[in-house]
Amino acid sequence: MVSEHSDAAGDMSALALKILVAGGFGVGKTTLVGAVSEIRPLRTEELLSEAGQLVDDTDGVDQKVTTTVAMDFGRITIRSGLSLYLFGTPGQDRFWFLWDELAQGALGAVVLADTRRLEDCFPAVDYFEHRRIPFVVAVNCFAGARNYGAHDVSRALDLDRGTPVVLCDARDRDSGKEVLIRLVEYAGRMHTARLLDSVG
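Not measured: the values here are computed from a predicted model.

Overview of the overall build of the chain
Counting its secondary structure elements, the chain contains five helices and eight strands. Sequence-ordered secondary structure for the chain, helices as α and strands as β, is β-β-α-β-β-β-α-β-α-β-α-β-α. In the chain, buried positions account for 44% of the 200 residues. The contacts of the chain with a sequence gap of at least 6 include a subset with a gap of at least 24, amounting to 71%. Just so you have it, the chain exposes about 10700 Å², and 51% of that area is on carbon and sulfur atoms.

Some points on unusual backbone geometry
Unlike most non-glycine residues, Arg132 shows phi in positive territory, near 55 degrees. Relative accessible area serves as the criterion here: at 53%, Arg132 is assigned to the exposed category. A positive phi angle is found at Asp158, which is not glycine, with a value near 55 degrees. In this structure Asp158 comes out as exposed when scored by relative accessible area, which is 62%.

A closer look at the packing of helix α1 (residues 29-36) against helix α5 (residues 173-199)
The geometry of α1 relative to α5 is characterised by a closest axis approach of 8 Å and an angle of 100 degrees between their N-to-C directions. Put simply, α1 runs roughly perpendicular to α5. Residues Leu32, Ala35 and Val36 of α1 form the contact with α5, whose own contacting residues are Arg173, Gly176, Lys177 and Leu180. Residues of the contact of α1 with α5, tallied by class, amount to four nonpolar, one polar and two charged.

Quick look at the pattern of salt bridges
In the structure shown here, the tally under the stated rule is six salt bridges. A salt bridge links Asp114 to Arg116, with the shortest nitrogen-to-oxygen separation between them at 2.9 Å. Residue classification places Arg116 among the partly exposed residues on the basis of a relative accessible area of 37%.

Side note on the pairing of strand β7 (residues 135-140)
Among the six residues in β7, six count as buried, and that is most of the element. The alternating pattern of β7 places Phe135, Val137 and Val139 and Val136, Ala138 and Asn140 on opposite faces, both of which are buried. Inspection of the sheet shows strand β6 (residues 108-113) paired to β7 by five bridges, in the parallel sense. Its bridge partner lying in β7, Val110 is registered against Val136. Handedness of the crossover joining β6 and β7 through helix α3 (residues 122-130) is recorded here as right-handed. When β7 meets strand β8 (residues 165-168), the two strands line up parallel, connected through four bridges. Along β8, the bridge assignment pairs Val137 with Val165. Following the backbone out of β7, through helix α4 (residues 150-156) and into the adjacent parallel β8, one traces a crossover that is right-handed.

Topic: the environment of Ala109
Within the element layout of this structure, Ala109 appears in strand β6. Taking the C-alpha atoms as reference, Ala109 lies 9.6 Å from Gly88; in sequence the two are 21 residues apart. Non-local contacts of Ala109, meaning those with residues more than four positions away in its chain, are made with Leu20, Phe128, Ile133, Pro134, Phe135, Val136 and Leu183.

The rules behind each value
Residues numbered from 1 in each chain as written. Predicted model: local features only at pLDDT ≥ 70, side-chain atom pairs only at ≥ 80, totals over all residues. Heavy atoms only, no water. Helix = DSSP H or I, 4+ residues; strand = E, 2+ residues; numbered from the N terminus. Buried < 20%, exposed > 50% of the residue type's maximum accessible area, 1.4 Å probe, protein only. Contact = heavy atoms within 4.5 Å. Areas by Shrake-Rupley, 256 points an atom, 1.4 Å probe, with all protein chains shown as cover. Axes fitted to C-alpha atoms, helices over the stretch in contact; angles between N-to-C directions. Parallel < 35°, antiparallel > 145°, perpendicular 65-115°, else oblique. Nonpolar A, V, L, I, M, F, W, Y, C, P; charged D, E, K, R; others polar. Salt bridge = Lys/Arg side-chain N within 4 Å of Asp/Glu carboxyl O. Pairing = 2+ DSSP bridges. Right-handed = clockwise from strand over helix to strand, strands pointing away.

Written as structure tokens, this is what we have:
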């Protein structure tokens, strides 16, 4: 979603861009949106239930007690005249039917990854690759997880050449903001290249 709106001073050049935050169950999507949002984030979390244990793989995220059932929403101003609207997707596959609605008009996406459960982000990577939505992979560096370099993660996920991989701490506002800036820059280059290809 790219929309123009006026700010308090009547500046009609302000842009609002829609960004998705995706990834596997318990990877830190709600945490990232909450850490960077300048407004109180909207959350649709419910307590994990015994029934959910039959379908949700909580290995490696044993301390998790809630889960997103629709989406998270937050907003951050990157610089004067540029705001990002952040939509965190639910991580479990039973909620994937919501992704198509959330992805409508998105400039790009952040795919959060946990190296302890790297396979959990494959569905998100596949989703964005097949829909040609630019994305970056942000490795959320959990305490106690083995450290891998960006190149190792890129190779393990078999990412298209040029897809950025960045290391981050989803709890840290500055770290999250750097991930978002990297995504906006990358998505901007991708959209420009596609536009030039279409008129070439």
